[in-house]
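Spelled out, the chains give:
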Amino acid sequence: MYATSFFAFTYGVTVDMILDLHYDFYGYFGEGFQWLGLLAIFLYFPSISVLFLNLYPLESNKRKKIIYILGWTVFSIAFEWFCLHTKFYYYNGWKLWYSAFAYPLIFSTLLFNLKLVRKLSHPN
């Protein structure tokens, strides 16, 4: 979990640096770097990844796994919408529906990372 949480944090920071600071598609609070935005990333990405992965139905069938990822996608879109309306996020070219496609990829990447770390740490 620690390795995957660290991965989630670095993944989030990297994506935000590219999409926020380089392309200015969106951001936290205002344009440019924000210390409060970095704190939010530090708290948000690892927390969500731990919750998502701890509750993930590893032993369930494929249908339940897909429903689980879609449920987290809906939650994430709702949370993002809330953050937009409270001025925590702002968009500058980004659209909420882009996130609808991004979240399943993000959650799948977290799962892949967790499985890879487990495989590498327990090779038998």
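All values derive from a computational prediction rather than experimental measurement.

Scoring rules and cut-offs
Counting of residues starts from 1 at the beginning of each chain's written sequence and follows it residue by residue. Given that this is a predicted model, residues contribute local features only at a pLDDT of at least 70 and side-chain atom pairs are listed and counted only at 80 or more, while totals for whole chains, interfaces and linings are drawn from all residues. Side-chain measures here rest on the full set of heavy atoms in the structure, leaving out hydrogens and waters. Runs of H or I in DSSP of at least four residues are treated as helices and runs of E of at least two as strands, each being numbered from the N terminus. When checking whether two residues touch, look at their non-hydrogen atoms; a contact exists if any pair is within 4.5 Å. Cavities and pockets are found on a 1 Å grid laid over the protein atoms alone: a cavity is a set of points where a 1.4 Å probe fits but cannot escape, a pocket is an open set with protein on both sides within 12 Å along at least five of seven lines, and a lining residue has an atom within 4 Å of such a point. Grid points are joined across faces, edges and corners, and a volume is the space filled by probe spheres set on the points. All residues other than Ala, Val, Leu, Ile, Met, Phe, Trp, Tyr, Cys, Pro, Asp, Glu, Lys and Arg, Gly among them, are scored as polar; the first ten of these are nonpolar and the last four charged. We call a residue buried when its accessible area falls under 20% of the maximum for its residue type, exposed when it is over 50%, and partly exposed in between, using a 1.4 Å probe and counting protein chains only. For this analysis, a polar contact is any N or O atom pair within 3.5 Å, provided that within protein one partner can donate a hydrogen and the other can accept it, and provided that sequence-adjacent residues contribute only side-chain to side-chain pairs. Each patch is built from salt-bridge-free residues with over 30% relative accessible area, joining like charges within 9 Å and nonpolar side chains (Val, Leu, Ile, Met, Phe, Trp, Tyr) within 5 Å. Here the Shrake-Rupley method, with its probe set to 1.4 Å, supplies the accessible areas, and only the displayed protein chains count as covering residues. Each salt bridge in this description consists of a side-chain nitrogen of Lys or Arg and a carboxyl oxygen of Asp or Glu lying within 4 Å of one another. Note on terminology: a nonpolar core comprises buried Ala, Val, Leu, Ile, Met, Phe, Trp, Tyr and Cys residues joined through side-chain atoms within 4.5 Å.

Peer 1: Would you mind showing me how to read the environment of Lys65 here?
Peer 2: Inspection of the secondary structure puts Lys65 in helix H3 (residues 62-85). Apart from the residues within four sequence positions on either side, Lys65 is in contact with Tyr56, Pro57, Leu58 and Ser60.

Peer 1: Looking at this structure, I do not really get the layout of surface pockets. What am I missing?
Peer 2: Rolled over the atoms, a probe with the dimensions of a water molecule shows which regions are left empty. Put simply, the largest pocket is a space of about 510 Å³. Looking at the largest pocket, it is lined by 23 residues, and the ones nearest its centre are Asp16, Tyr26, Phe45, Tyr103 and Ile106. Its residues assigned to classes, the lining of the largest pocket comprises 17 nonpolar, four polar and two charged. Space inside the second largest pocket adds up to approximately 160 Å³. Around the second largest pocket, the lining residues are Val13, Asp16, Met17, Asp20, Leu21, Tyr28, Gly32, Phe33, Gln34, Gly37, Leu38 and Ile41. Listed by contribution, the elements that provide at least two residues to the lining of the second largest pocket are helix H1 (2-22) and helix H2 (35-55). Considering each element in turn, the lining of the second largest pocket owes the most residues, five residues, to H1.

Peer 1: Explain the side chain of Ser99 here, please?
Peer 2: Relative to the elements of secondary structure, Ser99 occurs in helix H4 (residues 96-121). Among the residues examined, Ser99 registers a relative accessible area of 4% and is labelled buried. In terms of polar contacts, Ser99 uses its side chain to reach the side chain of Trp94, at 2.9 Å. Excluding residues within four positions of it along the chain, Ser99 makes contact with Glu80, Tyr91, Trp94 and Pro104.

Peer 1: Just checking my understanding: could you explain a nonpolar patch on the surface for this structure?
Peer 2: Taken together, the side chains of Met17, Ile18, Leu21, Tyr23, Phe25, Phe33 and Trp35 define a hydrophobic patch exposed on the protein surface, amounting to about 770 Å² of accessible area. Counting residues per element, the nonpolar patch draws most heavily on H1, at three residues. Inspection of the secondary structure assignment puts Tyr23 in the loop between H1 and strand S1 (26-28). Note on Tyr23: relative accessible area 49%, which makes it partly exposed.

Peer 1: I tried to follow unusual backbone geometry on my own but got confused; where do I start?
Peer 2: Excluding glycine, residues mostly have negative phi values, and the peptide bonds linking residues are mostly trans. Residues other than glycine seldom take positive phi values, yet Asp24 does so here, at roughly 55 degrees. On the secondary structure map, Asp24 appears in the loop between H1 and S1. Given the relative accessible area of 22%, Asp24 is considered partly exposed. In this structure, Lys87 takes a positive phi of about 70 degrees despite not being glycine. Following the sequence through the fold, Lys87 ends up in the loop between H3 and strand S2 (89-91). For Lys87, a relative accessible area of 61% translates into the label exposed.

Peer 1: Which parts of the structure should I look at to understand the nonpolar core?
Peer 2: It is characteristic of soluble globular proteins that their nonpolar side chains tend to be buried jointly. Counting residues in each nonpolar core, the largest one holds 22 residues, and the members touching the most others are Phe52 and Phe107. Elements supplying a minimum of two residues to this core: H1, H2, H3 and H4. The element contributing the most residues to this core is H3, with six residues. In this structure, Phe107 is in contact with Ile48, Phe52, Ile69, Trp72, Thr73 and Ser76, ignoring residues within four places of it in sequence.

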